[in-house]
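Understanding the architecture of this molecule
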Amino acid sequence: MSNVFCNFPWKHNYVHTNGKFRLCCTTAQDIETDDQYHSFDAGKHSIDHYWNSARMKRIRLNMMNGIKTKDCSKCYQQDDEGVDSLRDPTLMEEYSAKTEADGTFTGHAWTMQLQMSNICNLKCKMCSQMYSHMNGLELQEMGKISPEWLLWVKEQGANVNNWTNDLGVKQEWYKNEEFKLQMFEHISENITYLNVVGGEPTLIPEFYEMFEYCDKQGTLGDKSVTLVTNLTNTNAKLTKWLPKLKSWKIWASVDGVGERTEYIRYPSKWSKVLESLEFYRNIMGDTGAITLSPAVQLLNIDQLDEMVKWWKDWCGGELNDQYGWTWLATVWYPLICNPNMAPQEWRNKVADKLSAYKFDGFYDNIVNNLRKEQIPLEKRIELQKSFIRYNEAQDRFRKVDKTWRDLCPDLATAIDKEIS
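Residues numbered from 1 in each chain as written. Predicted model: local features only at pLDDT ≥ 70, side-chain atom pairs only at ≥ 80, totals over all residues. Heavy atoms only, no water.

Within strand 7 (residues 288–292), five of the five residues are buried, which leaves it mostly tucked inside the rest of the structure. Here strand 7 shows two buried faces, one formed by Gly288, Ile290 and Leu292 and the other by Ala289 and Thr291. In this structure, strand 6 (residues 247–252) lies alongside strand 7, joined through five bridges in parallel fashion. Residue pairing in the sheet places Lys249 in a bridge with Ala289 of strand 7. Of the pairings in the sheet, the one linking strand 7 to strand 9 (residues 323–325) comprises three bridges and is parallel in character. What sits directly across from Ile290, in strand 9, is Tyr323. (Buried < 20%, exposed > 50% of the residue type's maximum accessible area, 1.4 Å probe, protein only. Helix = DSSP H or I, 4+ residues; strand = E, 2+ residues; numbered from the N terminus. Pairing = 2+ DSSP bridges.)

Along the polypeptide, Thr192 turns up in the loop between helix 8 (177–190) and strand 4 (193–197). Put simply, Thr192 and Leu203 are 11 residues apart on the chain and 23 Å apart in space, counted from C-alpha to C-alpha. Residues contacting Thr192, with those up to four places away along its chain left out, are Trp110, Asp222, Lys223 and Ser224. (Contact = heavy atoms within 4.5 Å.)

The subject of this paragraph is the packing of helix 14 (residues 344–355) against helix 15 (residues 361–370). Interaxial distance between helix 14 and helix 15 falls to 8 Å at its minimum, and their mutual angle equals 155°. The angle between helix 14 and helix 15 places the two elements in the roughly antiparallel class. In this structure, helix 14 meets helix 15 at a crossing whose hand is left-handed. Judged by residue contacts, Gln344, Arg347, Asn348, Val350, Ala351, Leu354 and Ser355 of helix 14 engage Tyr363, Val367, Asn369 and Leu370 from helix 15. Class assignment of the residues belonging to the contact of helix 14 with helix 15 gives a composition of six nonpolar, four polar and one charged. (Axes fitted to C-alpha atoms, helices over the stretch in contact; angles between N-to-C directions. Parallel < 35°, antiparallel > 145°, perpendicular 65-115°, else oblique. Left-handed = near helix turned anticlockwise from the far one by under 90°. Nonpolar A, V, L, I, M, F, W, Y, C, P; charged D, E, K, R; others polar.)

For the rest of this paragraph, the subject is the nonpolar core. Counting residues in hydrophobic clusters, the biggest one holds 120 residues, and the most contacted among them are Leu114, Met183, Phe207, Tyr280 and Phe387. Among the elements that line this core, the one with the most residues is helix 13 (residues 304–315), at seven residues. Beyond its immediate sequence surroundings of up to four residues, Leu114 is in contact with Val15, Trp173, Met183, Ile187, Leu194, Asn195, Val196, Val197 and Met210. (Core = buried A, V, L, I, M, F, W, Y, C linked by side-chain atoms within 4.5 Å.)

The next thing to look at is empty space enclosed by the protein. It is the rolling of a water-molecule-sized probe over the atoms that shows where space remains empty. Here the structure, examined in full by the defined rule, presents five cavities of 30 Å³ or more. Looking at the largest cavity, its volume works out to about 80 Å³. Surrounding the largest cavity, 13 residues form its lining, Cys6, Phe8, Cys24, Cys72 and Cys75 being those nearest its centre. Tallied by class, the residues present in the lining of the largest cavity amount to nine nonpolar, two polar and two charged. (1 Å grid on protein atoms, 1.4 Å probe; cavity = no way out; pocket = protein on both sides within 12 Å on 5 of 7 lines; lining within 4 Å. Points joined across faces, edges and corners; volume = space filled by probe spheres on them.)

This paragraph deals with the environment of Val400. Positionally, Val400 belongs in the loop between helix 16 (377–398) and helix 17 (404–407). For Val400, a relative accessible area of 19% corresponds to the buried category. Taking the C-alpha atoms as reference, Val400 lies 9.5 Å from Tyr266; in sequence the two are 134 residues apart. In contact with Val400, not counting residues within four places along its chain, are Tyr266 and Asp395.

Turning to the layout of surface pockets, a few remarks are in order. Roughly 320 Å³ of internal volume is contained in the second largest pocket. Among the elements of the structure, helix 14 and helix 18 (409–419) are those that each provide at least two residues to the lining of the second largest pocket. Among the elements that line the lining of the second largest pocket, the one with the most residues is helix 18, at seven residues. Within the lining of the second largest pocket, the residues separate by chemical class into eight nonpolar, two polar and eight charged.

With that settled, consider the pattern of salt bridges. Here the structure, examined in full by the defined rule, presents 35 salt bridges. Of the charged contacts, one joins Asp30 and Arg22 as a salt bridge, the two residues approaching to 2.8 Å between their closest N and O atoms. Given the relative accessible area of 10%, Arg22 is considered buried. Ionic pairing is found between Asp102 and Lys57, a salt bridge with its closest N-O pair at 3.4 Å. Here Asp102 is found in the loop between helix 5 (92–97) and strand 3 (111–115), whereas its partner Lys57 is found in helix 3 (residues 54–64), with 45 residues between them in sequence. Judged by its relative accessible area of 38%, Asp102 falls in the partly exposed class. Residues joined by salt bridges that share partners form a network here, namely Glu212, Asp215, Lys240 and Lys244. (Salt bridge = Lys/Arg side-chain N within 4 Å of Asp/Glu carboxyl O.)

Per the counting criterion, the structure on display carries zero disulfides. Cys337 carries a free sulfur, and the closest cysteine sulfur to it, the one in Cys124, is 10 Å from it. By relative accessible area, Cys337 is classed as buried at 5%. (Disulfide = S-S within 2.5 Å.)

Right, let's get into unusual backbone geometry. The amide bond that connects Gly198 to the next residue, Gly199, takes the cis arrangement and shows omega of 10°. Considering the arrangement of structural elements, one finds Gly199 in the loop between strand 4 and helix 9 (205–217). Between Tyr333 and the following residue, Pro334, the backbone shows a cis peptide bond with an omega angle of 0°. Within the secondary structure, Pro334 sits in the loop between strand 10 (329–330) and helix 14. The phi angle at Gln36 is positive, at roughly 60°, despite the residue not being glycine. Tracing the backbone through its elements, the reader meets Gln36 in the loop between strand 2 (21–22) and helix 2 (47–51). Even without glycine at this site, Ser117 takes up a positive phi of about 80°. Locating Ser117 in the fold gives a position in the loop between strand 3 and helix 6 (133–145).

Printed below as a string of structure tokens:
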């Protein structure tokens, strides 16, 4: 089994929110055009344009020959640390045998992740302009009130906000009718496993156009589709298309129970989240599924056991193939959202609370990591001060009914104590 090979360059297409093609969702590098200056763009190029480009052919040859590629550095690092990465090393001989001497692969991908723009209706604490244009618009408005604060946010970078792109700009690569239709045709003819992510896909008309196109082509029954949604918007059209799919799954982005998720995923409403969950449950049949997918972070980790209990109760008891729970991904950036920046005393208390409830191995890993000292005290205090400055400015601007101090009083007390 190769420690370098991954079959994604043979089986997978990935389109980022800005329309750029990449190897997969864990990579940060766009696929370069043959001039090595520009990047392939779904609003300007078809999938056929990039699929056997010089860069893609070189990546395939490197993987076949055991040469690492920079695109996959995150997976290599996770492998070295003993963490399961998304790298898929299977079928190396089969794919290699079908690859020409120059790296050309004439087959088509059959899996795809489609990031349908950065258009979103929420301004989540851990999000950025890259995944929500509303996040960027809010930063712009706050900057008009305090240009000095906005400059501080930009200088802080990944400490307080994953600021990318021009603030407030909508990424709408699919507005190019020619290449949009080529994308739909490719999905209809070749893709059997499709993940649709945003932004918030259910807000985008072209998301529904894609389903309509495949339905007219009679290919919906061949596909398994996963939709990542914040559950703030549903559309009756989905009751027509989802049941026609081979299978479908909702990845429900919910980051707390009640007021907590409303605060983190501002300005969502808990009542609407529950309404949307019922919408999908009512059309599940035998082919649908719902998986709860919280982003574990400083502002909700103390409520993780309560989230699990609520979800199990909503599902009617134990989880199963139709009612699932994702692996628990901890937010690493921005760093002020990472639980490791909290005082150790507080983290130990949270770990004690969570450990009283037994769930699964991923849950246990969260508990165990809370007890580890991972950020030096000096850096931790720096992040805590940034956390206070960023969130309190945002709370004032949003005029929230309950601030982070109201919702997480024990955390507020612990941070104030450590920085004093």
